[in-house]
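Residue strings, one per chain:
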Amino acid sequence: LGNADARGALQAFSLFVKAKEVPAASRCPGGGEGVRWRCCRQAFEELPGIHRHVALHHSGDVGRQAGLGAGLAEAAGSPAGSAARPSGHSCGSAEISWTLPDTSHVSQEDLTSVISFFLNILFLFAYLCHAVGSQVGDVLLYYCYCEVKDPEKLCAWQKALCQHLHLTGKVRVASEGINGTVGGSKVATSLYIKVMLSQPLFKNILCQEDFKSSAGGAHCFPDLRVGVFKEIVPMGIDPKIVSYKETGIHLSPQEFHREVEQYLSQATQGQSDTILLDCRNFYESKIGHFQGCLAPDIRKFSYFPSYVDENLELFKDKRVLMYCTGGIRCERGSAYLRSKAVCREVYQLKGGIHKYLEEFPDGFYRGKLFVFDDRYAICSNEDIISACRYCGVLWDQYKLCSSQHCRQLVLTCPSCCNKGLTACCPVCQEKELKVTSRASGQILKEECECTRRRPRVPIEHVSPRMLDTGK
């Protein structure tokens, strides 16, 4: 950005924040005495909070107001990610080391990410300039299946490590291993990887390539959450009953690419005996998926076993190619599918879509890759395969539903947003107006009606002919 553009963007950012101020006379008990700004049905008491929200969710609006052009305005949704293969498996166990890295030689500025008003502004500019990767930091995604004798101790060490490095994110610990996604500065994430690789518990199991990295930082998560769970990925089945040790056959991105290529070729000729199965949730596959895939209309991975049970006939005598974001859901998902003994063979993409896009950015995966943080998506190609919920124009940038009782993800384009269409469905939009009109300040926690009408476990009405044509 030139000086004039920078001044224009700064002014547009300031004006946008100013427009969200709650008038002093309106700061009554209904909105909370400390509430100074409101945006997207959220209340903010402190300046960094509203700055972060605007930078993450309204950079496109600010860019348009500043006249920086559509390409720059949409940059917030376009940081490219890199990936690596998933971690190996181990039946052994080791003691947990409490080692924390020496950060005495690292400045506070290098170790932390967004720490002040000015860095929040720079964060916005970084998005607009396609420079998130070099100016902010990284988001790491990894998992490791191994025997953990003392999950509570590992959890405490993880929390201390992340806090020491000023990392945010989510880490799940269980007796079967660890699964995490954390964000921070490049220095902090590099130190995190180094310490994880030196942890005796993960020795000869976890390696450098198991950490998938994409442009981001600590600002991509609202806080740090580290906890002990029964599973490191919530499938809802005891790991002792369906173990990651019974997983499907791992295919490298190159092998998976060749399999998909062959599948699409045979499907066109009506000769395919293969199902390309997306193990993710419906809102993930909606904005990006492999061509010719079967994408279950499920909201949670814990519904996947029931989906398999209700559609066993679909998988009978088929070769199944499975994939997910980073590989972890396929570990347990493929094990469950294999336990039903109906498929001819079950394969899974090693390293998930992350790793595939690193090697085939313009391959058979089209659209964006959904991620579970405030970025919502990362991209490697320019395809837009989804549409605005209201007008149908091509659109793939998620926002949170504006209804406080719902808070699900919605695809609504800028034009529809300007018309006030910001909820996930018309029913939810109407319900939001009723709740807002009460001015009680109460936030209702419940699913919206459109979600309750979606079948928890869909029954696929797919004919052999449809599968043969790859639809």
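Residues numbered from 1 in each chain as written. Predicted model: local features only at pLDDT ≥ 70, side-chain atom pairs only at ≥ 80, totals over all residues. Heavy atoms only, no water.

### Some details on unusual backbone geometry
Both trends apply: most residues other than glycine have a negative phi, and most peptide bonds are in trans.
Right, so step 1: A positive phi angle, near 65°, is found at Asn204, a position not held by glycine.
Right, so step 2: Tracing the backbone shows Asn204 in the loop between α9 (186-198) and β6 (212-216).
Right, so step 3: A positive phi angle, near 55°, is found at Ala341, a position not held by glycine.
Right, so step 4: Positionally, Ala341 belongs in the loop between α14 (328-339) and β12 (345-349). (Helix = DSSP H or I, 4+ residues; strand = E, 2+ residues; numbered from the N terminus.)

### As for the sheet that holds β6
Hydrogen bonds between backbone groups are what pair the strands of a sheet, and the pairing can be parallel or antiparallel.
Right, so step 1: The mixed open sheet is built from five strands, whose spatial order is β6-β3-β5-β4-β7. Across the chains shown, the open sheet's two edge strands, defined by having one partner strand only, are β6 and β7 (224-228). Here the strands of the sheet are splayed against their neighbours by 10° on average, with no regard to which way each runs.
Right, so step 2: Two strands pair when backbone bridges link them, and strand β3 (residues 137-145) and β6 are joined in this way by five bridges, in the antiparallel orientation. Its bridge partner lying in β6, Asp138 is registered against Ala215.
Right, so step 3: Running over the sheet, α9 touches β3 and β5 (177-184) and is turned about 15° from β3. (Pairing = 2+ DSSP bridges. Axes fitted to C-alpha atoms, helices over the stretch in contact; angles between N-to-C directions. Contact = heavy atoms within 4.5 Å.)

### Points about the sheet that holds strand β9 (residues 274-278)
Right, so step 1: Taken together, four strands build an open sheet; the order of strands is β8-β12-β11-β9 and the sheet is parallel. Among the strands making up the open sheet, the edge pair consists of β8 (249-251) and β9. Averaged over all adjacent pairs, the angle separating strand axes in this sheet is 25°, with direction ignored.
Right, so step 2: Taken together, the four bridges between strand β11 (residues 319-323) and β12 define a ladder with parallel strand orientation. Pairing of Arg319 across the sheet is with Glu345, part of β12.
Right, so step 3: The strands touched by helix α10 (residues 253-268) within the sheet are β8, β9, β11 and β12, with β11 carrying the most contacts at an inclination of about 130°.

### Examining empty space enclosed by the protein
Right, so step 1: One pass over the full model with this rule turns up two cavities of 30 Å³ or more.
Right, so step 2: Considered as a void within the structure, the largest cavity measures approximately 60 Å³ in volume.
Right, so step 3: In terms of lining residues, the largest cavity is bounded by Cys40, Gln42, His53, His57, His58, Lys399 and Leu400.
Right, so step 4: Mapped onto the lining of the largest cavity, the elements with two or more residues apiece are α2 (47-57) and β15 (398-400). (1 Å grid on protein atoms, 1.4 Å probe; cavity = no way out; pocket = protein on both sides within 12 Å on 5 of 7 lines; lining within 4 Å. Points joined across faces, edges and corners; volume = space filled by probe spheres on them.)

### Side note on the packing of helix α8 (residues 151-164) against α9
Right, so step 1: Look at α8 against α9: their axes get within 11 Å of each other, and the N-to-C directions meet at 150°. The angle between α8 and α9 places the two elements in the roughly antiparallel class. Note that α8 runs across α9; the crossing there is right-handed. Residues Trp157, Gln158, Leu161 and Cys162 of α8 pack against Tyr192, Val195 and Met196 of α9.
Right, so step 2: Here the residues of the contact of α8 with α9 sort into six nonpolar, one polar and no charged. (Parallel < 35°, antiparallel > 145°, perpendicular 65-115°, else oblique. Left-handed = near helix turned anticlockwise from the far one by under 90°. Nonpolar A, V, L, I, M, F, W, Y, C, P; charged D, E, K, R; others polar.)

### Some thoughts on the pairing of β9
Right, so step 1: With respect to burial, β9 is a largely interior element, five of its five residues being buried.
Right, so step 2: Going residue by residue along β9, you find Thr274, Leu276 and Asp278 tucked away on one face and Ile275 and Leu277 tucked away on the opposite face as well.
Right, so step 3: Pairing between β9 and β11: five bridges, direction parallel. Pairing of Ile275 across the sheet is with Val320, part of β11. (Buried < 20%, exposed > 50% of the residue type's maximum accessible area, 1.4 Å probe, protein only.)

### Considerations on the environment of Tyr145
Right, so step 1: Tracing the chain through its elements places Tyr145 in strand β3.
Right, so step 2: By relative accessible area, Tyr145 is classed as buried at 0%.
Right, so step 3: C-alpha separation for the pair Tyr145 and Ser175, spaced 30 residues apart in sequence, amounts to 9.1 Å.

### Let's talk about the environment of Gly8
Right, so step 1: Structurally, the position occupied by Gly8 is in helix α1 (residues 3-19).
Right, so step 2: Note: C-alpha distance between Gly8 and Val62 (54 residues apart in sequence) is 9.7 Å.

### Some words on α14
Right, so step 1: Its twelve residues place the ends of α14 17 Å apart at the C-alpha level, agreeing with the 16 Å of an ideal helix rising 1.5 Å per residue.
Right, so step 2: Buried within α14 we find Ile328, Arg329, Cys330, Glu331, Arg332, Gly333, Ser334, Ala335, Tyr336 and Leu337.
Right, so step 3: Ala341, located one to two residues past α14, shows a positive phi value of around 55°. (Expected span 1.5 Å × (residues − 1).)

### Observations concerning the pattern of salt bridges
Right, so step 1: By the definition in use, this model includes 17 salt bridges.
Right, so step 2: Taking the shortest distance from any N to any O, the salt bridge between Arg344 and Asp273 comes out at 2.7 Å. Within this pair, whereas Arg344 is found in the loop between α14 and β12, its partner Asp273 is found in the loop between α10 and β9, the two being separated by 71 residues in sequence.
Right, so step 3: Overall, Arg344 belongs to the partly exposed group, its relative accessible area being 49%.
Right, so step 4: Accessibility expressed as a relative area gives 24% for Asp273, which makes it partly exposed.
Right, so step 5: Several salt bridges share partner residues, and in doing so they unite Glu176, Glu231 and Arg332 into one network. (Salt bridge = Lys/Arg side-chain N within 4 Å of Asp/Glu carboxyl O.)

### A look at the confidence of the model for the protein
Right, so step 1: Averaged over all residues, the pLDDT of the protein is 81; the fraction at 70 or higher stands at 76%.
Right, so step 2: Below pLDDT 50 for its whole length, residues 113-120 participates in 15 contacts with residues either more than four positions away or in separate chains.
Right, so step 3: Ignoring residues within four places in sequence, the model shows residues 467-471, a span with pLDDT below 50, making 16 contacts including any to other chains. (pLDDT = per-residue confidence, 0-100.)

### Structural notes on the nonpolar core
Right, so step 1: Counting 33 residues, the largest nonpolar core has Leu277, Phe304, Phe315, Met322 and Leu337 as the members making the most contacts within it.
Right, so step 2: Contributions of two or more residues to this core are made by β3, β9, α12 (304-310), α13 (312-315), β11 and α14.
Right, so step 3: If you tally residues by element for this core, the top one is α14, at five residues.
Right, so step 4: Discounting chain neighbours no more than four positions away, the residues touching Leu277 are Leu294, Pro296, Phe304, Phe315, Val320, Leu321, Met322 and Tyr323. (Core = buried A, V, L, I, M, F, W, Y, C linked by side-chain atoms within 4.5 Å.)

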